[in-house]
Amino acid sequence: MSLESNIPPGSSKPVTVAAVALLAAMVASVTLGPQLAVWPSAPALIGLALSALLVVFSPPHLPRSVVITGGALVAWLAWRCCSSPVAEFAIADGMLLASCVAIFWVGRAVFSRPAAVEILFTGLGVLVIANWIPMALQAKDASHVLWLPRGTEIFPSGFFAYYGDCAAFLLAVALLSGGLAWDPRRTGWFRAFMVIVAMAAAAGVVFTKSRGGIVGLGAGGLLLLVLAPWLTQRRGSRALGLLVILLPILVVGAMIWIGQGMSEAQAARSRDGVPEQLFDNPARLFWLKLAASCIAIHPWQGGGGRSFSWENFRFWEGDWAKFSDVEPEFVHNEFLQITTDYGAVGLLLAVIFIGAVVVAGIIGRWDRRDASGLSAVFLGGLAATAGLLLHACFHFVFHLPPAVLMLGLALAAILETSGPVDRLPSKLEIGCKGLIPAVCAGVLGYFGIKGARVFREMAPVVYRFTAERPSQEDALARMARATGIWPGHVLPLQLGQFSMLGAAGSGGESRQLLLEGAVEAFREAVLRHPFDAEASVNLANALSSLSADDEAEAEYDRAIGLQGGLERGFRARYSASVHHFRKAERLREEGQLDASLESLEKAAALFDQDTSARAGEYGSAGQQYRISLACFLGPWLEGLERFEDAAAEYDRAVVIPGSECLPFLIARNLTAWGDKLWSERKPEAALEKYLAAVSRANQAKSLAFPAYPVSEVEELQARIVAKINFLRGAGIETGDSGP
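Conventions adopted
- Residues numbered from 1 in each chain as written.
- Predicted model: local features only at pLDDT ≥ 70, side-chain atom pairs only at ≥ 80, totals over all residues.
- Heavy atoms only, no water.
- Helix = DSSP H or I, 4+ residues; strand = E, 2+ residues; numbered from the N terminus.
- Buried < 20%, exposed > 50% of the residue type's maximum accessible area, 1.4 Å probe, protein only.
- Contact = heavy atoms within 4.5 Å.
- Salt bridge = Lys/Arg side-chain N within 4 Å of Asp/Glu carboxyl O.
- Axes fitted to C-alpha atoms, helices over the stretch in contact; angles between N-to-C directions.
- Parallel < 35°, antiparallel > 145°, perpendicular 65-115°, else oblique.
- Left-handed = near helix turned anticlockwise from the far one by under 90°.
- Nonpolar A, V, L, I, M, F, W, Y, C, P; charged D, E, K, R; others polar.

Participant: Explain the side chain of N312 to me, please; I cannot follow it from the model alone.
Facilitator: Relative to the helices and strands, N312 resides in the loop between helix 11 (308-311) and helix 12 (334-367). On the basis of relative accessibility, which here comes to 0%, the residue N312 falls in the buried class. With residues up to four places along the chain from it excluded, the contact list for N312 reads L290, C294 and P328.

Here's what the structure looks like:
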């Protein structure tokens, strides 16, 4: 079959230039923009906008079923994005949607032009090979980065911050390149290069040790290996007979290789020598439970763009906190994610659209059984789509630009068999279809240019292009300007956090100015995302540092309500407790003793309200803080003759590791309590307290490293024993046998 047989009428130059712009966009998305924020993808958005504009007058044929289902899906997602209560997430999801539509449209034009295909996939192949350089360096030194800090240093991730995102990109390139390698219409050098690229990308997926990526690669690769020889070779071809012999060997070898890769990925996550299985991760299963609870709130329409990231807090329970100590922004399953954010309607429309694309591709392949080259492209797209969708069951792959772009390209490849080329499109058809890429170009271009202004300010702060880092003043000024440009909440949150860090190392007027700047930034972050507990806690902490007690305490109360059961992640109660502790010290120095005591009691009560605090999950610093609270509050309550309250305070803290100072204080409180009971003519009750006190005194004396001088402990012990002997000598007894 001729390579030109599926090329629609019209000039090839705009499409070829569009392929160059698309390649530039994809390179930028991989090297600069594999992040959740939108502004790092500004160069990619501009490249996509340009490529979409270039194909405005090159309308591809699309089956009616694809047009209808795709239009319904885009309309629903766009509407739910616009109605999202958080602008940052609405823009982020909107840009991903517009990017996917744009690359789908451009991809349909590119696949019909041989020169454009070679330009695009040769560039992607070079990008895959280049990605091996940082991956190899990261395998030797896990802390190695090029210019983008890595989100995790567990496994190699190449240009990406996270290894799962790297695997998603590589598996899609591997399967699309593998499909093109089977295309008999292509030149020999290009097919050979595609084989190299497919092998390099597939090896990269296994090298990342991403289990979801390996599963997706295995399923997509099996589909490609089994079907490609039968659908891409003409009947009677000599190569077909050879493939009949080689195919079982190839399939078995590939399965063994993929299985070995999965085994190594499992072994790399072993705990005490026992490999962790793919479905044994309690955190992932926990996130699925959270997603199901969120879906129940609004099952049909969803909560809007990325609503799971804040709605899940209300469903956390104390015992669940052990599964995760971080904010779960995503479900780690894109099918449930789209249901939580865009409802069952969104999920149903997405499934119907992808199904319509696949069915249209299959029908086109059946109608054009002689189109062996088109079948190769179709199979590559089908395999890549299947691989990405499988990977999406374990990771939020479609919330970063590279995987979204590859999905759009894969869907475009599936429809390569479906296009009739025997008629010229009418002017009306060109105009109507041209609106789609034009709208995408307008949206992407607007936010791309806006993001580019932010990129110019933030790149020296975020990326490590040079060894020289901006000064604190320069970084703050850049972040402030970026915050004024971009309407999201993340930049003011980061500006506030950076200001707080600067204030921690400053003093005097400089500290005051930095804290005031932090408060202003956090207020803006809260305004832009009113459901974000992180921004609320940070604002309260900044206000506390300025001694704005009333405002800080009101914001702490708000943060505690926002975080739900996720105290271990946001620590709103812990932060509020520390605020009250510091406030108590300040009030005591000012002579306001009653107010100081009230604040100190609030500090202890807030700390003890959360089960994770009582279990010691705040770490050694939190444990020592709670012990310090008891050491301050207990003696104060004892001095006020609130012995029972003091005892309760000591009992809550004495179980914490490192509480060696408390047995002596407990013994002293019990002794004073016994003295009071004795003075009230309650000798039996007094004797009971003395017996408990001497037990604690013995414990304090027996410590390897006593917190108080042994002589002081022995003196207290002697006084208690004397009191016990006197009471017993007077015939006073309790049920306790005594020391």
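Let's pick the thread back up.
Participant: When you look at the pattern of salt bridges in this model, what are you seeing that I'm missing?
Facilitator: In a structure, side chains of opposite charge can pair up when their charged atoms sit close to one another. Summed over the entire model, instances satisfying the criterion amount to 25 salt bridges. Across the pair R478 and E457 runs a salt bridge whose closest N-O atoms are separated by 3.9 Å. Of this pair, R478 sits in helix 16 (residues 472-485) while E457 sits in helix 15 (residues 427-462), and the two are 21 residues apart along the sequence. By the burial criterion, R478 is buried, and E457 matches it. Of the charged contacts, one joins K723 and D675 as a salt bridge, the two residues approaching to 3.3 Å between their closest N and O atoms. Pair noted here: K723 is in helix 29 (residues 710-729) and D675 is in helix 27 (residues 662-679), with a separation of 48 residues, a long-range link. A relative accessible area of 30% means that D675 is categorised as partly exposed.

Participant: Any chance you could explain the packing of helix 26 (residues 643-654) against helix 27 here in plain terms?
Facilitator: For any two helices packed against each other, one specifies the crossing angle of their axes together with the interaxial distance. Remark: helix 26 packs on helix 27, axes separated minimally by 10 Å, with the N-to-C direction vectors making an angle of 160°. Classified by the angle between their axes, helix 26 and helix 27 sit roughly antiparallel to one another. Of the two elements, helix 26 crosses helix 27, and the hand of that crossing is left-handed. Only L662, L665, I666, N669, A672, W673 and K676 of helix 27 make contact with helix 26, whose side of the interface consists of F643, E644, A646, A647, Y650, A653 and V654. When its residues are assigned to classes, the contact of helix 26 with helix 27 shows eleven nonpolar, one polar and two charged.

That is the geometry; function is a separate question.
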